[in-house]
Structures are given as C-alpha cells and as structure tokens.
Amino acid sequence: LAVRETMPGAHGVPRVFILTTLFARVAIERTSASKIRQRGQEPVEVVFANPYTDGPRDLFWVPTPPTIPPSPPAKMATIEAGREVTMTTYAGHEFGWRAVGSDAAATPPTADELDGRVAIVAGLSRYALGDAAPVIATDPRDSDAPFAATFANNAPQRTMRLRRPSDTTNNKARSPETDDVDRDIAVLAPRQETSTEVRRGDFVDWLDAETDELLYRSVIEYHGHSRHVFADGGHTTLCADATPPSTATRRATFMEPAALNGSSSYEVSVLTEAPFIAVVHNWTTTAECESLEAAALRTGLSGAQVFGQQAIIADRRALSANLYWDRRDPNALTNSLIERAFALTTHFRGYPLVPGPAQEPLNFIQYGRAEEYRPHCDGVCRRRPYARGGRVATLLHYCKIPDTGGATVFPKLGLKVRAAPNDALLFTYKGDDGYMDDGFTLHAGCLVGNGTKQVLTMWMREDVHDAEPWSDFLS
C-alpha cells in the first residue's frame, strides 16, 4: 500500500510524501497477476477526501477477511478537513476512518470502532469519507453460467482419460445428486481433443488411461476460459510415479552448533552443488511436526488469497497458515527451527544470515488430493545481481508425505525429490559471485495423488534486521 499526501509547499510547489507499509501479520498470498482472472488483480489509485468541517480524520487500512488472531486496523494517514490523500491499493481492500479528536483516539481502534468503512471496487478513483458505498461493477468473467470448453491431449504417446471430479469447486452450480460422484468425460488418444460444458471454478482431471494415475488438473479460472491442453513433459513427466527420485552426488554431515544448545548430527544428501540443493534427513521429529500442525490449526488454515479476496487460482491450490518468531519465549519451537536452519545454510553456503523476527514468518502448507504448487521461483531466478534484503535460500520441512504424488521437482535440472517424513530440503539461489540463480531453482510441488502432504516453508533473507524487516523489501 502506498500513501501520497499532497499539500502546498514553498512558492506553491506541491510536496509529495510517500509512505509504504506492508503487514507481516496479514497472510496475503502473492500470486502472479497473469495467472489470475479476477477483479482487483491490478493496483488502483484512489483519492480519499475529508469533507468534514469539524476536524481531521484518521484513515485506516482494515484487514479483510479478519485474521486469527484479529489484527487491528492499521493507520495509513491523517486527512485534514477539506484535504485529501491518494492511496495505491487493490480492489477488495477495505478502509475506515474516525475523528482524530475522539476520546478513543489514543488507542488503536478495532474495525467496529471506526466511524465508517468502505471497500475498494474496480473503477473507483475518488471517495469522500461518509459517501454511500460504491457499487461493484459486473465483470462477465465472474459469471457462473455454463459454457463450452475444449480439452486437447497434446501428449505424443500417452492416452488420457478426462474426468470431472467430485471436489469441483463450483458445486453450487451443480445438481446435488452429482456432487459426490467422479464422472468420466472422454478418453483422448494422442493429439485428440473434445469439448464439454463447464462453469467457472470447475476442475477437470487428466488421468493416464492405462495406469489411472492422476497427472494434471485443469482449473476453469474464469467464464470463457475455453481451451485447456495437456502436454506431457517438463514437471509433469518428472512428477509421474514412473520417474524415480534423483540420487545424491555426495554425502555430508551437519553438526548442530553448541551455541544453539544442541548436539544433534544430521546426515545430508547433496543433489547438486551449484545451485546447492540437498536433503537433510530426520531434520524434525514427529512430535515437532505435530506441534507445528496444532499451531497452524489454532491460527486457522485458509485457502490462497489475492489482495484479501478468495480467488480461483490454478498455480497454487492448498491450505496454509503463517507461524511467527516468538518474541516472548526464546526457546519456542519456531525460533529453534529457524536458528537451526540458518546455521545449516550458513554452514554449507556461508551466507551472513541473522535469524529473528525480522525474517519472514514460517508458512505451514497442507495439500490434499489433486492439490499442488506449479513451477515457480521463491526468489529472483533471473541472472541478476543480488538485491539487498532479498531471499537467498529456502528450507522445506516435510511433516507428512502422501501415499502417491506430492514430490518436489526442479524441471530445469531434471531433479526429483521424494523426501521421507521429517526430512528437509534446502536449496539456495545466490551464487558465490553475488549473482542470483538463472532459473535452475525453479521448482514445483507435484500434484498429490492419494493422502495428505504437509510441509513447512522457511525463506531466508540477508540484510534484514529489526530496523529493516523483510517487509521493507520486495524481492
């Protein structure tokens, strides 16, 4: 969010003040706008005007949907009587205001204590505090009406079975008697295609006609999303059960530093040196994973969101919750995991990492059947010089492994990792020359076949500290 307040300066020249605020306590998933067909995917500028003549009003950003535990509204600006500020924000965000001179002004308000609130909608460019709420524009892509879509099998040697699964997201548009039944649509030989009726939010699964293995899921992201192609190769081939996991190029050992009050030794299977990718065996215990799962459930697992709105997102389908560095208990499990992981990464890569609350929160992710995270990079993966405050490494803790599917693959390297429960996967993307990886750490969490997958993702950044936390940086 960006705030710009314009007021007269010397000789009538406007002075512009810019304040940028990111909120670490609000779990907003960052997903490529090009992959989302939804209102609010582009930033908008909205002018907020204070028409009240009795004094200034404080403007607040209101977390939506409400977080668990509740996060209070965040003050963004004070608007003097008759003045205005410009906000760069997104459709779906919500703002509120209250009089500066109110008795409660000394304490942060709850959302219910604000004098008024307004939700940003597409097309809104100016809003006077206290005006009637703007009416949201209708986007034809949001329609739930049925339409015809084409599904093409571009696999050169694989016959595919198309199936409409029972867990399609748009059940409200389907008859109750078909909601809990998987239904085959067609069997497609190589280079064949077919058409069928779908609705926004539907799923269509692609299964190997010979083995019945689930290989891909098409997601109808918007009304009119009318062509879907299965192409064998890339991460899909790596993820298939027939592709064996990669083997280690060497073995190593990591001894937990005495400074962390530990004495554990961990076996490490190194898969590649540049970029450094390695599996750390028995990194966590079952009891630790159970504690992490319990903490995530207390926080509340939620689906991927974009700018505070539920979205139909093809690239990442899972439930997640953020877990934070505990400032009150230095021996908290989250703290010890972060400290141990940072020591591991520094041991193998020499990065000057500083654990603590300035780092990103841990992200606990749960994948069910047919859920996945398609190929993506965690940090900058174009060959660019390292940017201060950026991510340099990722550690994935595997708490639960599904019966089938759910591997982690690196398509450009041809690597496949099928970890055991309690293992961890470390991969780094800042080279010895100070340049970032050139796409080799592009990775995917494969489609889960049967069972549940639970992982804890930890991202590591250099050059962050309490005065400049991770949220001050974009990369």
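1. Details of the overall build of the protein chain
Thinking step 1. Looking only at helices and strands, the protein chain has three helices and 34 strands in total.
Thinking step 2. Looking at the protein chain as a whole, 49% of its 475 residues qualify as buried.
Thinking step 3. Put simply, 72% of the contacts in the protein chain that link residues at least 6 apart link residues at least 24 apart.
Thinking step 4. Surface summary for the protein chain: the accessible area is close to 21,700 Å², and the carbon and sulfur share equals 51%.

2. A word on unusual backbone geometry
Thinking step 1. The residue after Ala 274, namely Pro 275, is reached through a cis peptide bond having omega 0°.
Thinking step 2. As for its position among the elements, Pro 275 is in the loop between strand E18 (265–272) and strand E19 (277–280).
Thinking step 3. Even without being glycine, Asp 212 reaches a positive phi, approximately 65°.
Thinking step 4. By the secondary structure assignment, Asp 212 is in the loop between strand E14 (203–208) and strand E15 (214–219).
Thinking step 5. When its relative accessible area of 41% is taken as the criterion, Asp 212 is described as partly exposed.
Thinking step 6. The phi dihedral of Ala 370 falls on the positive side, at around 65°, and the residue is not glycine.
Thinking step 7. Mapped onto the elements of the fold, Ala 370 is located in the loop between strand E25 (362–367) and strand E26 (372–376).

3. Some details on helix H3 (residues 333–349)
Two residues of an α-helix separated by three or four positions point the same way, owing to the 3.6 residues in each turn.
Thinking step 1. Look at H3: 24 Å from first C-alpha to last across 17 residues, which is about the 24 Å you get at 1.5 Å a residue.
Thinking step 2. Of all the residues in H3, the buried ones are Thr 334, Asn 335, Leu 337, Ile 338, Arg 340, Ala 341, Phe 342, Leu 344, Thr 345, Phe 348 and Arg 349.
Thinking step 3. Two residues or fewer after H3 comes Gly 350, characterised by a positive phi angle close to 75°.

4. With respect to the sheet that holds E15
Thinking step 1. An order of E12-E11-E14-E15 is seen for the four strands of this open sheet, with the pairing classed as antiparallel. Looking at the sheet topology across the chains shown, the edges are occupied by strand E12 (183–188) and E15. Along the sheet, successive strands turn relative to each other by an average axial angle of 25°, direction set aside.

5. Quick look at the state of the cysteines
Thinking step 1. One pass over the full model with this rule turns up three disulfides.
Thinking step 2. Bridging Cys 239 to Cys 446, the disulfide has an S-S length of 2.0 Å. Across the S-S bond linking Cys 239 and Cys 446, the dihedral sits near -75°, which makes this disulfide left-handed. Of the two residues, Cys 239 sits in helix H1 (residues 235–239) while Cys 446 sits in the loop between strand E32 (443–445) and strand E33 (448–450), which places them 207 residues apart along the sequence. Summarising the burial analysis for this pair, Cys 239 and Cys 446 share the class buried.
Thinking step 3. Put simply, Cys 377 and Cys 381 are joined by a disulfide, and their sulfur atoms are 2.0 Å apart. One quick way to see it: the torsion about the S-S bond of Cys 377 and Cys 381 is about 85°, and its sign makes the bridge right-handed.

6. What to know about the packing of helix H2 (residues 286–299) against H3
Thinking step 1. At their nearest, the axes of H2 and H3 sit 11 Å apart, and the two run at 120° to each other. Here H2 lies oblique to H3, going by the angle between them. As for the relative orientation of H2 and H3, their crossing is left-handed in sense. Every residue of H3 that contacts H2 at Glu 288, Ser 291 and Leu 292 is listed here: Leu 333, Leu 337 and Arg 340.
Thinking step 2. Its residues assigned to classes, the contact of H2 with H3 comprises three nonpolar, one polar and two charged.

7. Brief notes about the environment of Phe 342
Thinking step 1. Checked against the element boundaries, Phe 342 lands in helix H3.
Thinking step 2. A residue is classified by how much of its surface remains accessible, and Phe 342, at 2% relative accessible area, is buried.
Thinking step 3. Sequence separation between Phe 342 and Thr 394 is 52 residues, and the spatial gap between their C-alpha atoms is 10.0 Å.
Thinking step 4. Excluding anything up to four places from it in sequence, Phe 342 contacts Leu 353, Val 354, Pro 355, Gln 359, Met 458 and Met 460.

8. Some details on the side chain of Asn 335
Thinking step 1. Its place among the elements puts Asn 335 in helix H3.
Thinking step 2. Here the side chain of Asn 335 touches Asp 329 through a polar contact of 3.3 Å, landing on its backbone oxygen.
Thinking step 3. Only 3.2 Å separates the side chain of Asn 335 from the side chain of Thr 334, close enough to count as a polar contact.
Thinking step 4. Beyond its immediate stretch of four places on either side in the chain, Asn 335 contacts Trp 325, Asp 326, Asp 329 and Pro 330.

Conventions adopted
- Throughout this description, residue numbers start from 1 for each chain and increase along the sequence as written.
- Totals for whole chains, interfaces and linings use all residues, but because this is a predicted model, local features are given only for residues with pLDDT of at least 70 and pairs of side-chain atoms are given and counted only at 80 or more.
- Hydrogen atoms and water are omitted, and side-chain values are computed over all heavy atoms in the structure.
- In DSSP terms, a helix is any run of H or I states spanning at least four residues, a strand is any run of E spanning at least two, and both are numbered starting from the N terminus.
- Think of it in three bands: with a 1.4 Å probe and only protein chains considered, a residue is buried below 20% of the maximum accessible area for its type, exposed above 50%, and partly exposed in between.
- Working rule for contacts: check all heavy atoms of both residues, and any pair within 4.5 Å makes them a contact.
- The Shrake-Rupley method, run with a 1.4 Å probe sphere, supplies the accessible areas, and residue values consider only the shown protein chains as cover.
- What a helix should span is 1.5 Å times the count of its residues minus one.
- A pair of strands counts as paired when DSSP detects no fewer than two bridges linking them.
- The angle between two axes is taken between their N-to-C directions and runs from 0 to 180 degrees, where each axis is a line fitted to C-alpha atoms and a helix contributes only its stretch in contact.
- Any pair of cysteine sulfurs within 2.5 Å is marked as a disulfide.
- Small angles under 35 degrees read as roughly parallel and large ones over 145 as roughly antiparallel, with 65 to 115 read as roughly perpendicular and the rest as oblique.
- Rotating anticlockwise by less than a right angle from the far helix to the near helix defines a left-handed crossing, while the corresponding clockwise rotation defines a right-handed one.
- Only Asp, Glu, Lys and Arg are considered charged, only Ala, Val, Leu, Ile, Met, Phe, Trp, Tyr, Cys and Pro nonpolar, and every remaining residue, Gly among them, polar.
- Whenever a nitrogen or oxygen atom comes within 3.5 Å of another N or O atom, the pair is scored as a polar contact, on the condition that within protein one atom can donate a hydrogen and the other can accept it, and that pairs from neighbouring residues in sequence are kept only if both atoms are in side chains.

Spatial relationships are all this shows, so hold off on functional conclusions.
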